[in-house]
Amino acid sequence: MMKKSKTRTQEFHSVKEYEKKYYPESFKKQSIEISDPNTLGTVLARESLNKFKHLIQKQKVCV
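Attention here is on the structure that accompanies the text. Worth saying up front: this structure is predicted, and the values here are computed from it rather than measured.

Thresholds, definitions, all that
- Residues numbered from 1 in each chain as written.
- Predicted model: local features only at pLDDT ≥ 70, side-chain atom pairs only at ≥ 80, totals over all residues.
- Heavy atoms only, no water.
- Helix = DSSP H or I, 4+ residues; strand = E, 2+ residues; numbered from the N terminus.
- Buried < 20%, exposed > 50% of the residue type's maximum accessible area, 1.4 Å probe, protein only.
- Areas by Shrake-Rupley, 256 points an atom, 1.4 Å probe, with all protein chains shown as cover.
- Phe/Tyr/Trp six-rings, centres within 6.5 Å; stacked < 30°, edge-to-face > 60°.
- Patch = residues over 30% accessible without salt bridge, like charges linked within 9 Å, V, L, I, M, F, W, Y side chains within 5 Å.
- Salt bridge = Lys/Arg side-chain N within 4 Å of Asp/Glu carboxyl O.

1. Quick word on the overall build of the protein chain
Then, number 1: The helix and strand inventory of the protein chain stands at 3 helices and 0 strands.
Then, number 2: Reading the protein chain from its N end, one meets helices and strands in the order α-α-α.
Then, number 3: Expressed as a percentage of the 63 residues in the protein chain, the buried residues total 3%.
Then, number 4: Element-wise, carbon and sulfur atoms account for 59% of the exposed surface of the protein chain, whose accessible area totals about 6,700 Å².

2. Brief notes about the packing of aromatic side chains
Then, number 1: By the definition in use, this model includes 4 aromatic pairs.
Then, number 2: Their ring planes at 45 degrees and their centres at 5.0 Å tell us that Y18 and Y22 sit as a pair that is tilted. Taken as a pair, Y18 and Y22 lie in helix α1 (residues 15-22) at a separation of 4 residues, close to a single helical turn.
Then, number 3: You can call Y18 partly exposed: its relative accessible area is 38%.

3. Let's talk about a nonpolar patch on the surface
Then, number 1: A cluster of nonpolar side chains, namely F12, Y18, Y22 and Y23, defines an oily patch on the protein surface of about 410 Å² accessible area.
Then, number 2: Along the chain, F12 turns up in the segment before α1.

Structure representation (structure tokens):
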């Protein structure tokens, strides 16, 4: 006889589902930002600029 496990198994079919379950505040903030197309563009542009800035700083240190 095998004992049944009493732990619940949860299935997530996307990262969004996981974030919604375990990071509800962050998920809400993210969905508010993305709901408006203008805001989405601004957020993406800001992220891109931050990545370029980081890469440039990294190259200056290496040279």
